[in-house]
Every structure is written in structure tokens, then in C-alpha cells.
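Letter by letter, the chains look like this.
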Amino acid sequence: MSKQPADRLQAGPAPLVRLERVTKRFGDQTVLDHLDFSVEAGRHVTLIGPSGSGKTTILRLLMTLLKPDEGTITVAGDRLFPAPERQIREVRKKIGMVFQQFNLFPNMTVLRNVTEAPVTVLGLSRDEAEARARELLDLVGLADKCDARPSQLSGGQQQRVAIARALAMRPRVLLLDEVTSALDPELVAGVLDVLRDIARSTDITMLCVTHEMNFARDISDQVLMFDSGRVIESGPPEQIFGDAEHERTREFLSAVL
Ligand code: ADP
């Protein structure tokens, strides 16, 4: 029998996502400089801060769309970076992401968009994948749109399909990158309501980058304020939004609220 689970228990509850001394440069610009940062399982963490402060870069590193120049990244106790390609592909399955642009497959029905990866990547039977997809489409309020094509849906509905599609892979952590930025204002609330429901009704860990401060306040257990690639302040939302310690945080919030 493998000794691994007992060893892990003895080691105590490791954070679900851990970045240690992560550095990322673009040319001669150092965007993240030896960043340490971790997210515990089940937490809903929001990254806020000025544009260009490195928030999206963190999500892209976790999605393995970018590689760090230095440092280590661990997800659920397994090394994501540095690691051999095969391990990166395995660990990467623990992470789901929803982007600003929904990136649905235009030629597939809504149901097929949600079942495709679970069948081809996770090896679920089509029946199993469809049953799960129907539950998730119900969760995001689109049970009646299974047979529609993405082009027949509003932007808000497409984004809700993208959320169901990400959850269908049963990720341990869901990354949300400004998921309402591309939506018409009247469609934003529906998407945020769905995410609030998911945060309340599932034990999924969430890491969000958002400009929607009310959403950040509402959904987060922890808010991290970024500036120039560093976390300058972190705490529960009532502290960050009500009683921020740093002048820079207060300035940022007064400009965006
Ligand atoms: P935020 O999400 O906080 O707005 P980003 O992580 O998107 O910030 O960007 C941080 C910095 O890195 C910015 O100065 C941006 O111009 C730069 N940057 C991001 N991606 C790239 C890239 N692919 N090539 C060059 N520079 C980039």
C-alpha cells in the first residue's frame, strides 16, 4: 500500500496553491520578484490592485500559459513548476480557469462544450459526462440551453457556460480572470450571482482577479492587494475595504469604488 496519504497527513494541511520565491520577467521588466503566496483549500481569494501590477500573470503561471524564471509552484502538494512535462500536464488538471473572453467551441452545442473535455481528457463515458454537465448547466441557470449553439446565447449566458465547462473537469481550484470585463453592464450581475452561488454551495477553492469590488467584498475570505508585483496588504474583505492599513490600498480603493 502507498505510504503517501499518511505522510501527507503527518505533514499537516499544506496550502492548496503555493508560490515560493516566484520571479517572472518580460524582457528587462521584472513583473514578479521573488513572490511568496499561498491559498488554503476551500478559500476564496481575490487579487486586487492597479492595472499592470502582475495579477493576471499569476493566473497565467498557474495555468502554465507562462513559465516562471525562478521559484517553485505547488498545487495540492504536487509540483507544477519546475517539473517534467508529463507531471505538469497531470497537475494542471487540478486547475480550471474562466477567462475574460469565454472561448467556447462555436460549432458545438452548449452540452457538448461542457462534456467534451471530461470525455476526452478525463475519460468519462459520454453518459456520465452528460449527466454531470446537465447538473452544472442547471447550477448556472442554463438547463434549457443544452442544445443551443454559443452564438445563440448572450455574453452573460456564454460566460455561464464557460463556468460550467471549467467545473465539469472537477478542478480543485478555479481561477477567474476578470470574468465580467467583456460583458455588457446589464449582464454582469447574472454571472456574479452564479459565482456567488458556487462559492457558497461548493468547497472549490477560488482565486479571482476582478475589478468588481463589491463582488470581491462579497465573495472573498481573503483579499490581496498587489502593487508592482508584490502583495502589499492582505486580510479579510472587511479589513481591506473598511480599514486598510496602507495608504496605497486606500488610494486605489478610493479611485475604483
Ligand atoms: P494586471 O493583471 O495586474 O493588470 P499583468 O499581470 O497583466 O497585470 O501585467 C503585469 C505587467 O507585465 C504589465 O506591465 C504588462 O505589460 C506586462 N506583461 C504581461 N504579459 C506580458 C507579455 N506577454 N509580454 C510582455 N509583457 C507582459
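Because the structure is a prediction, the values reported are computed rather than measured.

Around the ligand, the neighbouring residues are Phe26, Val31, Gly49, Ser51, Gly52, Ser53, Gly54, Lys55, Thr56, Thr57 and Val209. When grouped by side-chain class, the residues that make up the shell around the ligand number three nonpolar, seven polar and one charged.

Our focus in this paragraph is the UniProt feature "domain: ABC transporter" (unreviewed entry) in the protein chain. This chain's UniProt record puts "domain: ABC transporter" (unreviewed entry) on residues 17-253. Helix makes up 39% of residues 17-253 and strand makes up 26%, while its end C-alpha atoms are separated by 27 Å.

As a further point, take unusual backbone geometry. Look at the link from Phe81 to Pro82: it is a cis peptide, with omega at -10°. When you line up the elements, Pro82 lands in the loop between β5 (78-81) and α3 (85-92). Residue Arg21 is not a glycine yet carries a positive backbone phi of 50°. Unusually for a residue other than glycine, Ala76 sits at a positive phi of about 50°. Relative to the helices and strands, Ala76 resides in the loop between β4 (70-75) and β5.

The mixed open sheet is built from six strands, whose spatial order is β6-β7-β8-β3-β9-β10. Among the strands making up the open sheet, the edge pair consists of β6 (95-98) and β10 (230-235). Taking each pair of neighbouring strands and ignoring which way they run, the sheet shows an average axis angle of 20°. In this structure, strand β7 (residues 173-177) lies alongside strand β8 (residues 205-209), joined through five bridges in parallel fashion. Paired with Leu176 across the bridge in β8 is Cys208. Sheet strands touched by helix α6 (residues 155-168): β6 and β7. Its angle to β6, the strand with the most contacts, is close to 175°.

For β8, a buried count of five out of five residues is recorded, marking the element as mostly surrounded by other parts of the structure. Burial along β8 is two-sided: Thr205, Leu207 and Val209 facing one way and Met206 and Cys208 facing the other are all buried. Sheet topology note: the strand β3 (residues 44-48)/β8 ladder contains four bridges and is parallel. Along β8, the bridge assignment pairs Thr46 with Cys208. Of the crossover connections in this fold, the one passing from β7 over helix α7 (residues 185-201) to the parallel β8 is right-handed.

Let us look at the pairing of strand β2 (residues 29-39). Consecutive side chains along a regular strand alternate between the two faces of the sheet. Where strand β1 (residues 17-26) and β2 come together, seven bridges link them in antiparallel fashion. What sits directly across from Lys24, in β2, is Leu32. In this antiparallel pair of consecutive strands, β1 and β2, the connection spans two residues, and Gly27 shows a positive phi of 60°.

The next subject is the sheet that holds β4. Paired through their backbone hydrogen bonds, the strands of a sheet run either parallel or antiparallel. An order of β2-β1-β4-β5 is seen for the four strands of this open sheet, with the pairing classed as antiparallel. The sheet is open, and its two borders are formed by β2 and β5, each paired with just one other strand. Going across the sheet, the axis of each strand differs from the next one's by a mean of 30°, ignoring polarity. Two strands pair when backbone bridges link them, and β1 and β4 are joined in this way by five bridges, in the antiparallel orientation.

Now for the packing of helix α4 (residues 110-120) against helix α5 (residues 126-139). Relative orientation of the contacting elements α4 and α5 amounts to 130°, with a least axis distance of 9 Å. Classified by the angle their axes make, α4 and α5 are oblique. Considering the relative orientation of α4 and α5, their crossing is right-handed. Residues Val110, Leu111, Val114, Thr115, Pro118 and Val119 of α4 form the contact with α5, whose own contacting residues are Arg126, Ala129, Glu130, Arg132, Ala133, Leu136 and Leu137.

Interhelical geometry of α4 versus α6 gives an angle of 25° and a closest axis separation of 8 Å. For the element pair α4 / α6, the angle class is roughly parallel. Helix-helix and strand crossings are classified by hand; for α4 and α6 the assignment is right-handed. Contacts between α4 and α6 involve Val110, Asn113, Val114, Ala117 and Pro118 from the first element and Val161, Ala164, Arg165 and Ala168 from the second. Within the contact of α4 with α6, the residues separate by chemical class into seven nonpolar, one polar and one charged.

The rules behind each value
Residues numbered from 1 in each chain as written. Predicted model: local features only at pLDDT ≥ 70, side-chain atom pairs only at ≥ 80, totals over all residues. Near = placed C-beta within 6 Å. Nonpolar A, V, L, I, M, F, W, Y, C, P; charged D, E, K, R; others polar. UniProt positions renumbered as here; feature names shortened; annotations may be inferred. Helix = DSSP H or I, 4+ residues; strand = E, 2+ residues; numbered from the N terminus. Pairing = 2+ DSSP bridges. Axes fitted to C-alpha atoms, helices over the stretch in contact; angles between N-to-C directions. Contact = placed C-beta atoms within 7 Å. Buried ≥ 20, exposed ≤ 12 C-beta atoms within 10 Å, placed from the backbone. Right-handed = clockwise from strand over helix to strand, strands pointing away. Parallel < 35°, antiparallel > 145°, perpendicular 65-115°, else oblique. Left-handed = near helix turned anticlockwise from the far one by under 90°.

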